[in-house]
Amino acid sequence: MWMPPFIWILHFMHLAGGQDGTRRSSSVGRHCSAGCATCSVPNGCLSCKPRLFFHLELDGMRQRGTCVSSCPRGHYGMRSPHISTCARCKDDCSSCFSENFCTHCHPGHFLFRGKCEKGCPDGLTANTVLRECTECPVDCEMCVRSVCARCRADVYLLDGQCHLTCPAGFEPGLQLMQCIPRVLDGSPEK
């Protein structure tokens, strides 16, 4: 298993038994944050208590170790017998479950089978609101459970489907871009 070199250095400092200002959290609690098993004043946590993840945070130009119960957005937890760490998601994922399974994508990418893609395969629509590939009717901009909730700008919505022109008995409602029942002499057309 690959670990960033800084994590290995911190791990070996812990095994060396307190060199370079290292303290056990039980003996010097005011220098260590709650989840640290060992820490140093300049570097923060060096190792974590059981079941916590080691995470490096930026502190100005420096990195400081912290111990967290769950990894922050954009990271996923990697457990091992020696040290559990937070690893960064791939660049196109805004959050992920593991190294190879995205759960949310950055703008411009769409989630499809755990991967963030620039476009969707044939038969699926790129949902820009959810940032995922969905089964949507043609001309639909946003679907909810495969039913169209909003059509693209130049078409009209009626009963979960998009229409270039409204069918007989309906007229375009320009404000919401929906087909609305046609009104003749104050009552809807039947």
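Residues numbered from 1 in each chain as written. Predicted model: local features only at pLDDT ≥ 70, side-chain atom pairs only at ≥ 80, totals over all residues. Heavy atoms only, no water.

Peer 1: Before we go on, may I ask you to explain the overall build of the protein chain in this structure?
Peer 2: If you tally the helices and strands in the protein chain, you get one helix and 21 strands. Taken across its 190 residues, the protein chain has 36% of its residues classed as buried. Considering only contacts in the protein chain between residues 6 or more positions apart, those separated by 24 or more positions represent 15%. Summing over all exposed atoms, the protein chain offers an accessible surface of approximately 12200 Å²; the carbon and sulfur share of this is 54%. (Helix = DSSP H or I, 4+ residues; strand = E, 2+ residues; numbered from the N terminus. Buried < 20%, exposed > 50% of the residue type's maximum accessible area, 1.4 Å probe, protein only. Contact = heavy atoms within 4.5 Å. Areas by Shrake-Rupley, 256 points an atom, 1.4 Å probe, with all protein chains shown as cover.)

Peer 1: Could you clarify how one ought to interpret the pairing of strand E15 (residues 147-151) in this entry?
Peer 2: Remember that side chains alternate between the two faces of the sheet whenever the strand is regular. As paired strands, strand E14 (residues 140-144) and E15 are joined by four bridges and run antiparallel to one another. The residue bridging valine 144 from the neighbouring strand is valine 147, located in E15. If you look at the hairpin formed by E14 and E15, you'll find two residues sitting between the two strands, and arginine 145 has a positive phi there, around 50°. (Pairing = 2+ DSSP bridges.)

Peer 1: Sorry, what's going on with the state of the cysteines here?
Peer 2: As used in these notes, a disulfide is a covalent bond between sulfur atoms, one from each of two cysteines. Using the criterion set out here, one finds eleven disulfides in the structure. Sulfur-sulfur distance for the disulfide between cysteine 48 and cysteine 67 comes to 2.1 Å. Across the S-S bond linking cysteine 48 and cysteine 67, the dihedral sits near -90°, which makes this disulfide left-handed. Linking cysteine 48 in strand E3 (residues 44-48) with cysteine 67 in strand E5 (residues 62-68), this pair joins segments that are 19 residues apart in sequence. (Disulfide = S-S within 2.5 Å.)

Peer 1: Explain the pairing of strand E19 (residues 178-181) to me, please; I cannot follow it from the model alone.
Peer 2: Where strand E18 (residues 170-173) meets E19, four bridges bridge the pair, whose relative direction is antiparallel. Counted as the bridge partner of glutamate 171 is isoleucine 180 from E19.

Peer 1: Looking at this structure, how should I read unusual backbone geometry?
Peer 2: For residues besides glycine, phi is generally negative; the peptide bonds are generally trans as well. Phi at aspartate 159 takes a positive value of approximately 50°, unusual for a residue other than glycine. With respect to the secondary-structure elements, aspartate 159 resides in the loop between strand E16 (156-158) and strand E17 (161-163). A relative accessible area of 73% places aspartate 159 in the exposed class. In this model, methionine 177 sits at a positive phi of 55°, which is unusual for a non-glycine residue. Assignment of secondary structure puts methionine 177 in the loop between E18 and E19. Assessed through its relative accessible area of 23%, methionine 177 is described here as partly exposed.

Peer 1: For this particular structure, what's the right way to read the side chain of threonine 38?
Peer 2: With respect to the helices and strands, threonine 38 occurs in strand E2 (residues 36-40). Side chain to side chain, threonine 38 and serine 47 meet in a polar contact 2.6 Å long. (Polar contact = N/O pair within 3.5 Å; in protein donor to acceptor, adjacent residues only side chain to side chain.)

Peer 1: How do you make sense of the side chain of histidine 75 when you look at a structure like this?
Peer 2: By the element assignment, histidine 75 lies in strand E6 (residues 75-78). Owing to a relative accessible area of 16%, histidine 75 belongs among the buried residues under this scheme. Here histidine 75 is in contact with His55, Cys86, Ala87, Arg88, Cys89 and Cys96, once residues within four sequence places are set aside.

Peer 1: What am I meant to see in the environment of serine 98 here?
Peer 2: Along the chain, the position of serine 98 falls in strand E8 (residues 93-98). Note on serine 98: relative accessible area 25%, which makes it partly exposed. Between the C-alpha atom of serine 98 and that of methionine 78, which follows or precedes it by 20 residues, the distance is 8.1 Å.

Peer 1: Can you help me understand the environment of tyrosine 156 in this one?
Peer 2: Its location among the elements puts tyrosine 156 in strand E16. Separated by 21 residues in the primary sequence, tyrosine 156 and methionine 177 place their C-alpha atoms 4.9 Å from one another.

Peer 1: Which parts of the structure should I look at to understand the pattern of salt bridges?
Peer 2: Side chains that differ in charge, positive against negative, can pair when their charged atoms come close. The tally for this structure, following the rule as stated, stands at three salt bridges. Between arginine 152 and aspartate 154 there is a salt bridge, with the nearest N and O atoms lying 2.6 Å from each other. Residue classification places arginine 152 among the partly exposed positions, given a relative accessible area of 33%. Residue classification places aspartate 154 among the partly exposed residues on the basis of a relative accessible area of 45%. (Salt bridge = Lys/Arg side-chain N within 4 Å of Asp/Glu carboxyl O.)

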